[in-house]
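Listed below are the residues making up each chain.
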Amino acid sequence: MSKLSKPTLLWLQSITCNGNTHSFFSHPDFVALMQKFEIIHHPILNTKYTLEDVVKGNLACDVLVLEGAFKKNGMKKMNKEIYTVAKNYAKKAKHIITAGSCATFGGMFRQYDTQSIGGFCFDDEVPNEIYKLFKKKLISIPGCPAHPRWIGSVLSMILTHRQIPLDELNRPLEIYGYNAHVGCSRSEYYEWKIDASKYGHKEGCLFYEHGCQAPFTHANCNKILWNEVSSKTRVGTPCFGCTEPTFPKKNLWHTTTLMGMPANMPIGIPKRAYLTIAGIAKSFTIKRLNEPIIKYKK
Amino acid sequence: MKIKHFVEKVEGETELEFDFKNGIVNNVNIVFPFYRGIEEILRDRDALDALVITPRVCGICNHAHLLASARAIENGLQNAGVNINLTPKAISLREFTLYCEIIQSHFKWFYLIAMPQLANLNKLEISDNHILKASWANINTVKALAIFAGQWPHSSYIVPGGVTCDPTYEEIIQAEALIDDIIKFTQNEFLGLSIDEYYKTKEISSIKGDMGIILSMLKNQNMQEKGKSYDRFLTLGEHSAFTTGIYNQSLYSDANITYVKEHVQSGSKAKSVSYDNQFCEVGPLARAMLRKNNFILDIHNKYQDSALTRVCARMDELINLLIYTKDLLANLNVKELSCTLSKLPKDLEANGTGIVEAARGSLIHQSTIKSGKIQNYSIITPTQWNLSNGLEQSYGIATKAMRGSINTQEANFIFRTFDVCSVCTTH
């Protein structure tokens, strides 16, 4: 590809912790991927243009990556409202990527002021007034942070003109068509309804008491793993549903129950079906699953 | 003459308002423009929610925030008469993952900030190799961390009483192999010396590799004479690799959290912090001084708390922690419990303070829990120590260091030697 034909990429931050920037920087092919674009501005990379140039609004922008929650008034950089700057580039861009739950739904920083802080095109799961304007070129990559490969793969799909099937919240189905439970190393305990009574063990499921949201969270974390090696549930931490428009819920370490059963069902599973299977599974005691997997000698 | 300068890249944005007098920097007003309200977001939430919310203060030192929030709850439990009794395994895992985070942050500082900015100051052209090196070092360091913590950034694997993971030797070996690779990289690329040679050398002039280039660029800019502040250092977080205390013009004494005070600053969303009404430098140089690290004490003897000394301390800390992480892994006993506490009481009443050494210095979380819910939460971040503006009679740490600079570019680099993190500062 000649230098001239590289698409331009502008990474713009609003109200953020920079978590998506640092997450994406942990992508094994970060440098190679970024070299396929002409980078107009990026929070880490040295770029030809400064943020001062960016906020003037005159630069090229084929792919706009947004990070952080938005506030229409009162989030200024170099005396310019960053929301206005983002909207301006969004009109120019061929593709808009909201990287992370803040840019997509409002996420963590929406919690401070739900009246005035939200995602770029959604407030939680509700499309806002500019959604219609941008929905045809919007790709949502929620997650707190977004997994490095989610951002990397979507950028590569754009470069190679591959089809990106999306769901109703503009999330790529190849990523968010799965739930975070798929690939969980504790799935046997889930199937047989055996709870992890305490933290710090390889054994047991975190869905029944410890607040794990993996079965109803759209994400492929346990399929592709984090940092190529692990995931929250693999290290005994419950999934907190960080890709969902409801993130962050309250009482994150406790399962909400209704009459002793988890109140939230796995995606698409009718309560009656779940209760029937759970009842049967619970009626058996599986010896192997009630013992430690590994017995080290004292 | 007033000049505004905008600091960007790597960790958020900051505005520096320079006041020049007779051609040199006389005063600098440091402005952090946006407040995100994390402390308010925490209010009325379940006590344990802090373990998920506070890492989101910062994309680069989220793990330090996680540990501080767990320590705050544990300290509150202890104050309420509950025994914690962390196992050596849980302590070592927490230390290992925290040090990995410090290591990745330091590598990013050297390759993403120091390298390009010093090249700029020295009017040298450099290739993009430094980005590739930062990326490689970062990927492998956070991978070693994630083996135990599940992911980076934004893990929540530290809980009151220990950690949630229960690693196997097979996983520990995987982490050891990654650390060995990073040590090789450090020897071949970063230092241009073997670790043994590094520890034998008493002279920074014998350091080669990328660090050699950085050191010679620093010397070219006379950074051994510049960037000096109050020569007053503070380390508050308790860790096996660090020593707590305060150093004030050659005198060492114990540090006590009750002397820490926050002050509102007009025009900035960041509060300043003082210890016994004085500003103190925190971070790698403070830790080296309190640890009485001979190599850094020698450099400090020659060049005091100059920009060069500060950078050397960051380099030396990176090497020391990297080598030390190997010991932590080698001595892990998988048979011990990972977590000694079960559920917290529903009606928990606890007041606690959690203090941690993050990459940039001492981080403090204070929580008040009533009926199991967070009633009040207060966070003091490392950059608040180093980057606050002065009180009426005294300049802040970084401002004092920048005074006397001949231009904004040089002052900006001195500012950067403290490793700016604006997202942390205005949590």
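Residues numbered from 1 in each chain as written. Chains lettered and ligands numbered in written order. Predicted model: local features only at pLDDT ≥ 70, side-chain atom pairs only at ≥ 80, totals over all residues.

Moving on to the overall build of chain B. Scanning chain B from terminus to terminus reveals 15 helices and 13 strands. Its C-alpha atoms give chain B a radius of gyration of 21 Å, within 12% of the compact-globule value 22 Å for 427 residues. With respect to the three principal axes, the spread of C-alpha positions in chain B is 65 × 50 × 40 Å. Within chain B, the fraction of its 427 residues that count as buried is 60%. (Helix = DSSP H or I, 4+ residues; strand = E, 2+ residues; numbered from the N terminus. Rg over C-alpha atoms; globule rule 2.2 N^0.38 Å. Buried ≥ 20, exposed ≤ 12 C-beta atoms within 10 Å, placed from the backbone.)

Of the regular secondary structure elements, chain A holds 12 helices and 13 strands. Relative to the 2.2 N^0.38 estimate, which gives 19 Å for 298 residues, the radius of gyration of chain A is 21 Å and therefore close to what a compact globule would have. Considering only C-alpha atoms, chain A reaches an extent of 65 × 40 × 35 Å along its principal axes. Counting over 298 residues, chain A shows a buried share of 49%. In chain A, of all internal contacts separated by at least 6 residues, the share reaching a separation of at least 24 is 70%. (Contact = placed C-beta atoms within 7 Å.)

This next bit is on the interface of chain B and chain A. The partner chain A presents 52 residues to the 58 residues of chain B that form the contact. Elements supplying a minimum of two residues to the side of chain B that touches chain A: helix 1 (38-42), helix 2 (50-53), helix 4 (88-121), helix 5 (129-149) and strand 5 (162-163) of chain B. The dominant element in the side of chain B that touches chain A, judged by the number of residues it contributes, is helix 5 of chain B, at 11 residues. Of the residues that constitute the side of chain B that touches chain A, the class distribution is 30 nonpolar, 15 polar and 13 charged. (Nonpolar A, V, L, I, M, F, W, Y, C, P; charged D, E, K, R; others polar.)

Bringing the UniProt feature "binding site: [3Fe-4S] cluster" (unreviewed entry) in chain A into the picture now. Residue and element names in this part refer to chain A. The UniProt record marks Cys221, Cys239 and Cys242 with the feature "binding site: [3Fe-4S] cluster" (unreviewed entry), using the residue numbering of this structure. The named residues occupy 22 residues along the chain; their greatest pairwise C-alpha distance, 10.9 Å, places them in one compact cluster. Positionally, Cys221 belongs in helix 11 (residues 221-224). C-beta crowding within 10 Å serves as the criterion here: with 30 such atoms nearby, Cys221 is assigned to the buried category. Here Cys221 is in contact with His147, Ala180, Trp226 and Ser231, once residues within four sequence places are set aside. Structurally, Cys242 can be placed in the loop between helix 11 and strand 12 (257-258). C-beta crowding within 10 Å serves as the criterion here: with 27 such atoms nearby, Cys242 is assigned to the buried category. Contacts of Cys242, omitting those with residues within four sequence positions, involve Ser101, Gly143, Cys144 and Phe247. (UniProt positions renumbered as here; feature names shortened; annotations may be inferred.)

Here we come to the nonpolar core. Core analysis: the biggest nonpolar cluster contains 219 residues, and A:Leu64, A:Leu66, A:Ile97 and B:Ile214 have the highest contact counts within it. If one sorts the elements of this core by residue count, helix 4 of chain B sits on top with 17 residues. Other than its neighbours up to four places away in sequence, B:Ile214 contacts B:Phe110, B:Ala114, B:Met115 and B:Leu118. (Core = buried A, V, L, I, M, F, W, Y, C linked by C-beta atoms within 7 Å.)

The subject of this paragraph is the packing of helix 4 of chain B against helix 14 (residues 408-416) of chain B. Residues and elements named next belong to chain B. For the pair helix 4 and helix 14, interaxial distance at closest approach is 11 Å and the crossing angle is 160°. In terms of axis orientation, helix 4 runs roughly antiparallel to helix 14. Here helix 4 runs over helix 14; the crossing is left-handed. For the pair helix 4 and helix 14, contact is made by Ile113, Gln117 and Leu121 and by Gln409, Glu410, Phe413 and Arg416, respectively. Residue composition of the contact of helix 4 with helix 14, by class: 3 nonpolar, 2 polar and 2 charged. (Axes fitted to C-alpha atoms, helices over the stretch in contact; angles between N-to-C directions. Parallel < 35°, antiparallel > 145°, perpendicular 65-115°, else oblique. Left-handed = near helix turned anticlockwise from the far one by under 90°.)

So, about the pairing of strand 7 (residues 95-99) of chain A. All names here are of chain A. Counting buried positions along strand 7 yields 5 of 5 residues, so the element is predominantly enclosed. Both faces of strand 7 are covered, namely the face carrying His95, Ile97 and Ala99 and the face carrying Ile96 and Thr98. Direction of pairing for strand 3 (residues 63-67) relative to strand 7: parallel, over a ladder of 5 bridges. When the bridges of strand 7 are listed, Glu67 appears paired with Ala99. Both strand 7 and strand 11 (residues 138-141) contribute to a ladder of 4 bridges, which runs parallel. Looking at the pairing, Ala99 lines up with Ile141 of strand 11. (Pairing = 2+ DSSP bridges.)

It is worth spelling out the UniProt feature "binding site: Mg(2+)" (unreviewed entry) in chain B at this point. Residues and elements named next belong to chain B. Taking the numbering used here, the UniProt-annotated feature "binding site: Mg(2+)" (unreviewed entry) corresponds to Glu39, Ile379 and His427. The annotated residues occupy 389 residues of the chain but converge on a single region, no pair of C-alpha atoms lying more than 7.9 Å apart. Summarising the element assignment, Ile379 is placed in strand 13 (residues 373-380). Setting aside chain neighbours within four positions, we find Ile379 in contact with Ile38, Glu39, Val57, His365 and His427.

Residues and elements named next belong to chain B. Two numbers describe how helix 5 lies on helix 6 (residues 169-191): the axes approach to 9 Å, and their chain directions differ by 160°. In terms of orientation, helix 5 lies roughly antiparallel with respect to helix 6. As for how helix 5 packs across helix 6, the hand of that crossing is left-handed. On the side of helix 5, the interface is formed by Lys133, Trp136, Ala137, Asn140, Thr141, Lys143, Ala144 and Ile147, while helix 6 contributes Glu171, Gln174, Ala175, Leu178, Ile179, Asp181, Ile182, Phe185 and Glu189. Each residue belonging to the contact of helix 5 with helix 6 can be placed in one class, and the counts come to 9 nonpolar, 3 polar and 5 charged.

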